[in-house]
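What follows is the residue order along each chain.
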Amino acid sequence: MSKAVLVDITKCVGCGSCGVACKMWNNLEYRKESPMLGKDSKLDAENWTNIKLVETETGAEKQSIWRFVKNQCLHCEEPACVSACFSKALQKTKAGPVVYHANLCVGCRYCMIACPFDIPKYEWGKVIPRIRKCQMCPGRIKEGNSPACTEVCPTNALTFGEHKDLLKQARATINNDKKYVQHIFGEKEAGGTAWLYISDVPFKELGFRTDVTTQAVPHYTESIMHLTPAVGLTWGALLTGMYVYNRRRNTIANEENDNKKGK
Amino acid sequence: MAAKNWSFRMTPTRAVLMALAAIGGALMVYRLVVGLGPTTNLNDQWPWGMWIGFDVLTGVALAGGGYSTCLLVNVMGIKKFAPIARAALLTSLIGYLLVMVGLFLDIGRWFNFWRPFVSWGHTSILFEVFWCVSLYTTVQLLEFGEIATEKVGKRWHGIFKKILPVLLIVGVLLPTLHQSSLGSLYVIEVGKLYPLWWSLLLPIFFLMSSFFVGPAMVSLESLLSSRATGHKPEYNILQSLIKVAGYMMLVYLVLKIGDLFYRGAAGLVFAGNLEGNMFLLEMIAGIIIPLVICFTPKLRNSKAGLATFSVLVVAGVILNRMNVVFTGMSDYIGGSYFPSAIEWLVSIGLVAMGVLAYLFIVENFNIVPKEQHEAETDKETAAVKHTA
């Protein structure tokens, strides 16, 4: 039911087609000062995906190698941003994408604070800014197509499909080929994400956030939110009780004073 | 107070405050016209800055004197604290109104501010904060209605008197919920916020600190106003009030230490890095030294002791909020953020507006006990701290 994308980092040659497709499909601006491909590339309001060049070393001879890491929203199964949004401007769809509705957004930026992968970006230069991030092309998925970026990948580094199937495929790949690291990034991270990565270089070296909690982030706050009604009611009752008791005590004390004066 | 005679005496200090408020007001309009980018130093790494960290988080905490005094006086019936209750309410009300303005300026799509009232993102801590702060500000306005109708719209006074008990109880309940929720906001920063501050107990810590900073704020205000007016502050009241704060701080300290050991983060305290040192500063200057003062009768009963206690506790709570918002996040976020001139001037302008409003209301309504009232006009310095 839920869709996903598997990224095989060993297959990516850094051509940047996915980034171009993303810009074209989503009508995003090209900005010279903020490239979407290369060493200095990063996500921003107009870069919903970037392909980062990472130079690292491998093997006993410390041979220098290049890897390309495609970044974009990971579309968590239980997204922190969705749980953090107090006006439901971010919603998780059944098909998998986490979608933003600007008309509901207040612009508070709590989603940016909440996201464990720091994905949502803001239109700082605009008078009326929006939150910007990869939407996983929900319109295309609805029509039975794959997201724009996966559609154009010439090396099969990006595979679109059912979450279950892709997880199986990823497991098979890393088990059958010794070059892969025994880890599927996104299987457990932040409670599981729709985008899954496999790689032959440890994820930490590639700049992934490997220390992220494996519990779905919303669980932390929900455990507190669930307590709120009970705490509120108990505390309210307690306050009322104290108030009534003290008022009664005061009335009695006043009456006694009056009686004494009367004598 | 029979006739409707309004007064607002001009003094040089007040003229300066008015200028600051005017500059702040103009820049607020400017910010709404041109957006956040040109006016603030916020960026994708630091989406929350001074307006959230100081104007909102710290502002709400320092306005905690309103609900803690209300709890002591009206709910627990400790009548000896009654003379300060109205001043505490007024401070708190003005504080919350400023927080609302600060929030309004910080949200990018401000015309959408009402959305959460109809589009319920009820899983969000911010949803609870939003509702509680809005409702509580309304409740405080109504509570103030009881005071205001002594002078204007007198025929409504009876109604306000009647609903006051409900307002008072709701007015303690709501702040308890959202003061703690402001701490819960940062629970979602698991793994991002430095372990010295991140804890599942954050809501409890925020609640407790907002409670014990209340008496410190009230004392500070009384002391400053007494210096300006020569009127002797109610030392007995203040000394027992800060003892209430002291007990709460003691529990807070024990909980903090216990929590650090429970989460295995205690070793970080003496790591010698920025986070460790800031944490130590916050705990020693903001909690431990005040505690020593509070529970040493000779120190507590001296004017200097009382003043030192209040200043340290207030500074400690401000530092705590700053540490959560900035110090504790800087290692994870990287990059740098320092508020822009406009962020500063707007924040200062807001405080100036609050002080002016406080002065005007104290001069024209029955807020402080009669004998003190005569000298109210020189309360500027007191009120500056008061509404910060």
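All figures in this text were calculated on a predicted structure; none of them were measured in a lab.

**Quick word on the overall build of chain B**
Here's step 1: Scanning chain B from terminus to terminus reveals 16 helices and 0 strands.
Here's step 2: Against the globule reference of 21 Å for 388 residues, chain B gives a C-alpha radius of gyration of 21 Å, in line with a compact fold.
Here's step 3: Taking the principal axes of its C-alpha atoms as reference, chain B extends roughly 60 × 55 × 40 Å.
Here's step 4: By the burial criterion, 52% of the 388 residues in chain B qualify as buried.

**Brief notes about the overall build of chain A**
Here's step 1: Secondary structure summary: chain A contains 8 helices and 10 strands in total.
Here's step 2: Its C-alpha atoms give chain A a radius of gyration of 26 Å, more than 25% over the compact-globule value 18 Å for 263 residues.
Here's step 3: Within chain A, the proportion of its 263 residues that are buried is 40%.
Here's step 4: When contacts within chain A are restricted to residue pairs at least 6 apart in sequence, long-range pairs at least 24 apart make up 57% of them.

**A look at the nonpolar core**
Here's step 1: In this structure, Cys81, Cys111 and Leu196 of chain A together with Leu126 of chain B are the most contacted members of the largest nonpolar core, which totals 184 residues.
Here's step 2: Not counting chain neighbours up to four residues away, the residues in contact with cysteine 81 of chain A comprise Leu90, Val98, Cys111, Ala114, Cys115 and Pro120 of chain A.

**A few points about the interface of chain B and chain A**
Here's step 1: Every contact between the two is made by 43 residues of chain B and, on the other side, 47 residues of chain A.
Here's step 2: The set of elements that each furnish at least two residues to the side of chain B that touches chain A consists of helix 2 (36-39), helix 4 (65-75), helix 6 (115-118), helix 7 (125-148) and helix 8 (157-184) of chain B.
Here's step 3: Its residues placed into classes, the side of chain B that touches chain A shows 24 nonpolar, 14 polar and 5 charged.

**Examining the domain arrangement of chain A**
Here's step 1: Each assigned domain of chain A is listed with its residue range as follows: domain 1 (3-216) and domain 2 (226-262).
Here's step 2: Inter-centroid distance (C-alpha atoms) of domain 1 of chain A to domain 2 of chain A is 57 Å.

**As for the pairing of strand 4 (residues 63-71) of chain A**
Regular strands place side chains that alternate from one sheet face to the opposite one.
Residues and elements named next belong to chain A.
Here's step 1: As judged from the 9 bridges shared by strand 3 (residues 50-58) and strand 4, these two strands associate in the antiparallel manner. Note on strand 4: the bridge partner recorded for threonine 58 is glutamine 63.
Here's step 2: In this antiparallel pair of consecutive strands, strand 3 and strand 4, the connection spans 4 residues, and glycine 59 shows a positive phi of 70°.

**Concerning the environment of lysine 80 of chain B**
All names here are of chain B.
Here's step 1: Mapped onto the elements, lysine 80 comes out in the loop between helix 4 and helix 5 (85-106).
Here's step 2: Residue class for lysine 80 comes out partly exposed when judged on the 13 C-beta atoms lying within 10 Å of it.
Here's step 3: Taking the C-alpha atoms as reference points, lysine 80 and threonine 69, 11 residues apart in sequence, are found 11 Å from one another.

**Looking at the packing of helix 4 of chain B against helix 8 of chain B**
All names here are of chain B.
Here's step 1: Direction vectors running N to C along helix 4 and helix 8 enclose 140°, while the axes themselves pass 9 Å from each other. Put simply, helix 4 runs oblique to helix 8. Seen along the crossing, helix 4 lies across helix 8 with a hand that is left-handed. For the pair helix 4 and helix 8, contact is made by Tyr67, Cys70, Leu71, Asn74 and Val75 and by Leu168, Ile169, Gly171, Val172 and Pro175, respectively.
Here's step 2: Class assignment of the residues belonging to the contact of helix 4 with helix 8 gives a composition of 8 nonpolar, 2 polar and no charged.

**Examining the packing of helix 3 (residues 50-62) of chain B against helix 13 (residues 303-333) of chain B**
Helix-helix packing is described using two parameters, namely the angle between the two axes and the distance between the axes.
All names here are of chain B.
Here's step 1: Axis separation between helix 3 and helix 13 bottoms out at 10 Å; the angle between their running directions is 140°. Here helix 13 runs oblique to helix 3, going by the angle between their axes. Where helix 3 crosses over helix 13, the handedness of that crossing is right-handed. Listed contacts from helix 13 to Gly53, Leu57, Thr58, Ala61 and Leu62 of helix 3 are Val314, Val317, Ile318, Arg321, Met322, Val325 and Phe326.
Here's step 2: Of the residues belonging to the contact of helix 3 with helix 13, the class tally is 9 nonpolar, 2 polar and 1 charged.

**With respect to the sheet that holds strand 1 (residues 3-8) of chain A**
Residue and element names in this part refer to chain A.
Here's step 1: Spatial ordering of the open sheet is given by 9-1-10, a layout of 3 strands whose pairing is mixed. Two strands in the sheet have a free side with no partner beyond their single neighbour: strand 9 (158-162) and strand 10 (195-198). The average angle at which neighbouring strand axes cross in this sheet is 25°, direction not considered.
Here's step 2: Of the strand pairs in this sheet, strand 1 and strand 9 are connected by 5 bridges, and their pairing is antiparallel. Its bridge partner being in strand 9, valine 7 is matched across the sheet by leucine 158.
Here's step 3: Against the sheet, helix 6 (residues 163-176) contacts strand 1, strand 9 and strand 10, and its axis sits at roughly 130° relative to strand 9.

**Things to note about the environment of valine 217 of chain A**
Here's step 1: Mapped onto the secondary structure, valine 217 of chain A falls in the loop between strand 10 and helix 7 (218-225).
Here's step 2: Here the alpha-carbon distance between valine 217 of chain A and phenylalanine 117 of chain A, two residues 100 residues apart in the chain, equals 11 Å.
Here's step 3: Excluding residues that lie within four positions of it along the chain, valine 217 of chain A makes contacts with Ala80, Pro116 and Ala190 of chain A together with Ile188 and Val190 of chain B.

Cut-offs used in this document
- Residues numbered from 1 in each chain as written.
- Chains lettered and ligands numbered in written order.
- Predicted model: local features only at pLDDT ≥ 70, side-chain atom pairs only at ≥ 80, totals over all residues.
- Helix = DSSP H or I, 4+ residues; strand = E, 2+ residues; numbered from the N terminus.
- Rg over C-alpha atoms; globule rule 2.2 N^0.38 Å.
- Buried ≥ 20, exposed ≤ 12 C-beta atoms within 10 Å, placed from the backbone.
- Contact = placed C-beta atoms within 7 Å.
- Core = buried A, V, L, I, M, F, W, Y, C linked by C-beta atoms within 7 Å.
- Nonpolar A, V, L, I, M, F, W, Y, C, P; charged D, E, K, R; others polar.
- Domains from an automatic or database assignment.
- Pairing = 2+ DSSP bridges.
- Axes fitted to C-alpha atoms, helices over the stretch in contact; angles between N-to-C directions.
- Parallel < 35°, antiparallel > 145°, perpendicular 65-115°, else oblique.
- Left-handed = near helix turned anticlockwise from the far one by under 90°.

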